[in-house]
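Survey of secondary and tertiary structure
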Number of protein chains: 4
Amino acid sequence: MLQERNMLRIGLIGAGRIGSVHAKHLASVRQATIVAVFDPLADRAQRIADEHGARIARDWRDIVEADDIDAVVIASSTETHPVVLRHAAQTQKAVYCEKPLASSLSEAHSLHRDLSGQNSRVMLGFNRRFDRNHASVAADVAAGAIGRVQTVQMTSRGPNAIPPASYLKLSGNLFYDKMVHFFDLARWLTGEEAIEVSALGSVIADPVFAEFGDVDTALVTLRMESGALCLIDNARRAVYGYDDRIEVFGTGGLLESSRITEGNVMRIFDDKVLTEGLPKDPMLRMAPSYAASIAAFVEFALGERSAVPGIEDGFRSLVLAEAATRSLAERRNVTVTEILG
Amino acid sequence: MLQERNMLRIGLIGAGRIGSVHAKHLASVRQATIVAVFDPLADRAQRIADEHGARIARDWRDIVEADDIDAVVIASSTETHPVVLRHAAQTQKAVYCEKPLASSLSEAHSLHRDLSGQNSRVMLGFNRRFDRNHASVAADVAAGAIGRVQTVQMTSRGPNAIPPASYLKLSGNLFYDKMVHFFDLARWLTGEEAIEVSALGSVIADPVFAEFGDVDTALVTLRMESGALCLIDNARRAVYGYDDRIEVFGTGGLLESSRITEGNVMRIFDDKVLTEGLPKDPMLRMAPSYAASIAAFVEFALGERSAVPGIEDGFRSLVLAEAATRSLAERRNVTVTEILG
Amino acid sequence: MLQERNMLRIGLIGAGRIGSVHAKHLASVRQATIVAVFDPLADRAQRIADEHGARIARDWRDIVEADDIDAVVIASSTETHPVVLRHAAQTQKAVYCEKPLASSLSEAHSLHRDLSGQNSRVMLGFNRRFDRNHASVAADVAAGAIGRVQTVQMTSRGPNAIPPASYLKLSGNLFYDKMVHFFDLARWLTGEEAIEVSALGSVIADPVFAEFGDVDTALVTLRMESGALCLIDNARRAVYGYDDRIEVFGTGGLLESSRITEGNVMRIFDDKVLTEGLPKDPMLRMAPSYAASIAAFVEFALGERSAVPGIEDGFRSLVLAEAATRSLAERRNVTVTEILG
Amino acid sequence: MLQERNMLRIGLIGAGRIGSVHAKHLASVRQATIVAVFDPLADRAQRIADEHGARIARDWRDIVEADDIDAVVIASSTETHPVVLRHAAQTQKAVYCEKPLASSLSEAHSLHRDLSGQNSRVMLGFNRRFDRNHASVAADVAAGAIGRVQTVQMTSRGPNAIPPASYLKLSGNLFYDKMVHFFDLARWLTGEEAIEVSALGSVIADPVFAEFGDVDTALVTLRMESGALCLIDNARRAVYGYDDRIEVFGTGGLLESSRITEGNVMRIFDDKVLTEGLPKDPMLRMAPSYAASIAAFVEFALGERSAVPGIEDGFRSLVLAEAATRSLAERRNVTVTEILG
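What you see is a predicted model; the values in this text were computed from it and never measured. (Residues numbered from 1 in each chain as written. Chains lettered and ligands numbered in written order. Predicted model: local features only at pLDDT ≥ 70, side-chain atom pairs only at ≥ 80, totals over all residues. Heavy atoms only, no water.)

1. Examining the interface of chain A and chain B
Put simply, the rule reads: When checking whether two residues touch, look at their non-hydrogen atoms; a contact exists if any pair is within 4.5 Å. Summed over both partners, the accessible area lost on bringing two parts together, with a 1.4 Å probe, is the buried area. Salt bridge criterion: a side-chain nitrogen from Lys or Arg within 4 Å of a carboxyl oxygen from Asp or Glu. Any pair of N or O atoms that falls within 3.5 Å is considered a polar contact. Within protein, one atom must be able to donate a hydrogen and the other to accept it, and sequence-neighbouring residues count only if both atoms are side-chain atoms.
Facing 46 residues of chain A, the contacting portion of chain B comprises 46 residues. For the chain A face of the interface with chain B, the top three residues by lost area are Leu200, Ile204 and Arg331 of chain A, together amounting to 18%. Summed over the shared surface of chain A and chain B, the result is eight salt bridges. Between Arg331 of chain A and Glu196 of chain B there is a salt bridge; the shortest N-O distance is 3.4 Å. Connecting chain A to chain B are 27 residue pairs in polar contact (both at pLDDT 80 or more).

2. What to know about helix α9 (residues 180-190) of chain A
Selection criterion: When accessible area is computed with a 1.4 Å probe and restricted to protein chains, residues below 20% of their type maximum are described as buried, those above 50% as exposed, and intermediate ones as partly exposed. Put simply, DSSP marks the helices as runs of H or I at least four residues long and the strands as runs of E at least two long, and each gets a number from the N terminus on.
Burial analysis of α9 of chain A places ten of its eleven residues in the buried class, the great majority of the element. Trailing α9 of chain A by a residue or two, Gly191 of chain A shows a phi angle of about 70°, which is positive.

3. Notes on the relation of the copies chain A and chain B
Selection rule: All copies are superposed by least squares; the fitting set is the C-alpha atoms of residues with a pLDDT of at least 70 in both.
You can overlay chain A on chain B at an RMSD of 0.0 Å; the transform is a turn of 180° with a shift of 0.0 Å along its axis. In symmetry terms, the pair is related by a two-fold rotation axis. Residues of chain A ranked by C-alpha distance from the rotation axis are headed by Arg332 of chain A, positioned 1.9 Å from it. A high fraction, 100%, of the interface residues of chain A reappear at the interface in chain B, so the copies pair face to face through one surface.

4. Points about the nonpolar core
Side chains that are nonpolar tend, in soluble globular proteins, to be buried together. The line we're drawing: Within this scheme, the nonpolar core is defined by two criteria: the residues are buried Ala, Val, Leu, Ile, Met, Phe, Trp, Tyr or Cys, and they are joined through side-chain atoms within 4.5 Å.
Counting 142 residues, the largest nonpolar core has Met154, Phe183, Val220 and Leu222 of chain B together with Met154, Phe183 and Val220 of chain C as the members making the most contacts within it. Setting aside residues up to four positions removed in sequence, Met154 of chain B forms contacts with Phe182, Leu185, Ala186, Leu189, Cys230, Leu231, Ile232, Asp233, Arg245 and Ile246 of chain B.

5. A closer look at the interface of chain B and chain C
Residue-level contacts link 17 residues of chain B with 17 residues of chain C. Between chain B and chain C, a total of about 1,300 Å² is buried, with carbon and sulfur atoms accounting for 61% of that surface. For chain B, the biggest contributors to the area lost against chain C are Ile268, Asp270 and Val273 of chain B; these three give 37% of the whole. Remark: the boundary between chain B and chain C carries zero salt bridges. Where chain B touches chain C, the interface holds four residue pairs in polar contact (both at pLDDT 80 or more). Counting only elements with at least two residues in the side of chain B that touches chain C, the list comes to β13 (265-269) and β14 (272-276) of chain B. In terms of residues, the side of chain B that touches chain C owes the most to one element, β14 of chain B, which gives five residues.

6. Details of the packing of aromatic side chains
Put simply, the rule reads: Each Phe, Tyr or Trp ring, with Trp reduced to its six-membered ring, pairs with another whose centre is within 6.5 Å; inter-plane angles below 30 degrees give stacked pairs, above 60 give edge-to-face pairs, and intermediate values give tilted ones.
Summed over the entire model, instances satisfying the criterion amount to twelve aromatic pairs over all chains. The interplanar angle of 45° and the centroid separation of 6.3 Å between the aromatic rings of Phe297 of chain B and Phe300 of chain B together place this pair among those described as tilted. Separated by three residues within a single helix, Phe297 of chain B and Phe300 of chain B lie in helix α11 (residues 282-301), roughly one turn from each other. Residues Phe297 of chain B and Phe300 of chain B agree in their burial class; the two are buried. Pairing Tyr240 of chain C with Phe249 of chain D gives two aromatic rings, centres 5.8 Å apart and planes at 75°, and the pair type is edge-to-face. Within this pair, whereas Tyr240 of chain C is found in the loop between β10 (229-235) and β11 (243-250), its partner Phe249 of chain D is found in strand β11 (residues 243-250), the two belonging to separate chains.

Next comes the structure, spelled out in structure tokens:
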């Protein structure tokens, strides 16, 4: 099915912010090329098509069904993921699906039931697993470098800019849209499933979040199978930039993927030392992990690695998002068992 | 009542580990001198009496009632605090009482009812409020430097050594014995009362804690009146030393009282940079705050500052300890209202 | 002379290590394209030509004289710089010349006499001026942020690998080959000329440097016109990686472009804190400055900025390299005046 | 000769700034007590005598000759050191002499000739050897942790305050008064003698230094016996506080005793990270090393360690101060051989 010289031919569905990010990173993956693009907004599709010498598809189905396309990248809005995924699954194309897997837990549940398993050809876009520093911490934990895990702290705040109302309307609440990354990281870092979830949340940074029934600041704690405890500290907005930090504490020591600042200049004046601030644009922090994530997908599509993270991970992270949502509403710990039914 | 030359005459009740710490620090407070010591173990009292040229008291009542004593430092075991405090309160002596205020919430409640108020002469030994770095953060928050508080993270772990069973038997659980400091800090840092508590806890570091019905690792989250959220991450034991870190994130920025390592040497070898580890002895980290706390008490006794933190703070922190204990048992958020009855 | 759509057509002379670096970075400069490559080793030229869709030139003169080439990048070995530069100067093409300007001071002197001046079309490849952090320090100094400069420390060591003998034979001594960057930085950071030079040097890391009459470890101090003092601490080899650090101390404060490590993971074990090491491959540290340097050249060639650093800078840095060489031999301070004659 | 219970009876000569520092630190050395104080300014002597319950001596000779004094601490002005040292040497009392050994090289030379050797009872007050972090670096170098030393960087600047003219008049130039510490550290850190010295110096921070024929900013480089190169970067004044940093680079790695800031609070605002500044009072940085230095002297006087650093070190450091002075004047490298004659 692959082109000569092992060049992976990719169809891109969705040419918005995240679609553009993937397109840009695919341009520097030697073994892949974008051959077709679809977006309901023709302008956006045209721009990417021009830059990559790709054709415009009239419909996402054209991409999923095309004979000259080996792999599909789904970067369309979340509510479209299930139908595209199901269709693509019949073609045996490799599929990269942006997070979250679906906008409702029930859809995610049925996707998981129908499409996961040994032969799944779907990779989920949990880019943070591909952050070089986070991955180094995860590898150390898995290798036993710090013994049994006692607590995991995951802090992620920012950026300063608040998403537009149009985005907030469709993106799901803080737990579904943003914290889903960290539910996934909790499972990945500890190598365990969560069994119990407790959430506190508030609207402090901007009242706009209250309008969508959402919170902008939350602390969620998880108990994992072994008793390891995880904290997720997320804020939709941080005036000081994009702040991402993971700490894993175990019986043998501590690992930290530290916050990253923009530059490396120190200034010492009369009574203070100044170093540089945190990135205002989250992409400055996350671009390398997006690039590594899409590169890993190309490797998978070429048969060089497995489809991890996959549908199971997409589903499990949404189970935890639902448990957190319920915990926040009901002011009690919610078990994973009751969500799974 | 004070001696000539404004020298504060102090009676010390309790000559164990913490009593010795206070005695040592009082030695370098110019305006105070220890004149009498009591401890049920005569040897311990004798040692401190020798070093300070103080007399041995036969009973704690002798100290509380002595005419030549201006102020009392209570460093005896927690269960003795209520009776000594009540007795001392009648003498109008200034009293410094080690945390926690009492070993049960009901005792704390009645002490609070009877002894708190405008004329209280009791200061509580919440030394961490006197940590130079923590205090700098609290002052900045109070001055509005970071706007409205969104989240507070308080991490405290260690030391490596596990307390002896004899201590664990009497000291109360993790929430009452250790986390009580951080319940106090949460109120102090935010300038607000907590209204809701959620706790997760596990035994991971050492099974000895399970024998006492306790946990060694816990994550507790609090919601404060304004909606600000606090995390307390405490572990009874940390193999890597004594680790203490506070972070306050607000709508205007972030403040951190960072972890403190033992020294200031960096070593760069083939593929790594090594800096020095965390203190194995918690006193290396906390000695300055103990010294500042007892010095503040001397200032209070000499009329130079108010009795803060006081009985109200001792009581409120135990209310939160009880709420956390109940939340852990009942797997739900516990409100302060239901504890206060 | 420029192509349609303002695309700068570049001819590359030299396809070795540094030529490949420039080619790679030019590929991501939107307004430039490599159209021809020359290297005496045909294989190297072919590889770059293939990647960039460029033609192979039979001779460097073909590139300098070609009508369809707007700008020339000289990355050939140092001894060829003078003749190529002179030839190119007649064509009014924009020229980017790798450092050092020439392999002897006398050649540099005559190039400076003949080619510098207001209409010079030559930019020198002092990439470190384009290091984001160094440039931020230089801008602060120029803006008066730290008052009058007292001392500048420039430390640069590494990498671990020792250059092959073939390179050492032609590259000039430590002062001409490596320290020339820092002579340039000293002038740039202070905005002044040096007037006096003192050098100490030793062979410690590897006896191979003694075979070439060179040193591998050197400390050079400079006095600038205002009295500001500069240190350059260079070593040809550092087992711990590539270490680059600049500190400027003035009457108003201190600025530091700090050493940069490879990653951002911290590990705390029993008695130590480990963070990540320095880059083994200097390009990990320097790639962004090479990219910014060649991008600035494209801007110059398109008329969007001036040719700085230029021939004057290339010449002045070699004057200081010669002064250091003489100081090392004669064990005395050498003035710039005596070198300039 | 020692008192009962092994209590070392100390006579203090000089009750100025540095005498007070030693007196304060002696107060917390359990095995020593100050029994007599002399200072030409009676007030200063009285204050220390009162605090320590010591008697006032009418003359420094009374202290040197007293039968009830075991050890002498010389903290009088530098020009008095030689006569006091010679007199004390005849009594076999242990002597701690503040740096520098003498105010002229010739005096230091004859003291070295007459008083050094196996039975010397004189320790020099090079407190920085007792800085915990510097000492850790020195121990690592001595243990071969970084192989052969290539370069040593010693930076010391500050404080902000400029010494009064009365001090500058008598204290010797920058090399004799301040840099003498770092000449000593260079020998101590490398375990080698210096063989060649080069100095650059300027007056930049304050013209007052020019009035005394001195410089306020200097870079001195040394070549040691093995070829190792040392830099000393000293400034009399640094507006940003007291800055002390040592870096040793060797064939096996790098060691740094890093600069130390005042506190441990980080503040992150819109576009910057602020940490705390450097100490304005040098004693905040140096008190522990002064304390350790005088404690080591007590150990020596009690026979528990040798008299290191001693007269040899005091003399050798002045040889280098003289070499630097001559190098600055004559603009050439000066060898130790020519100074030693």
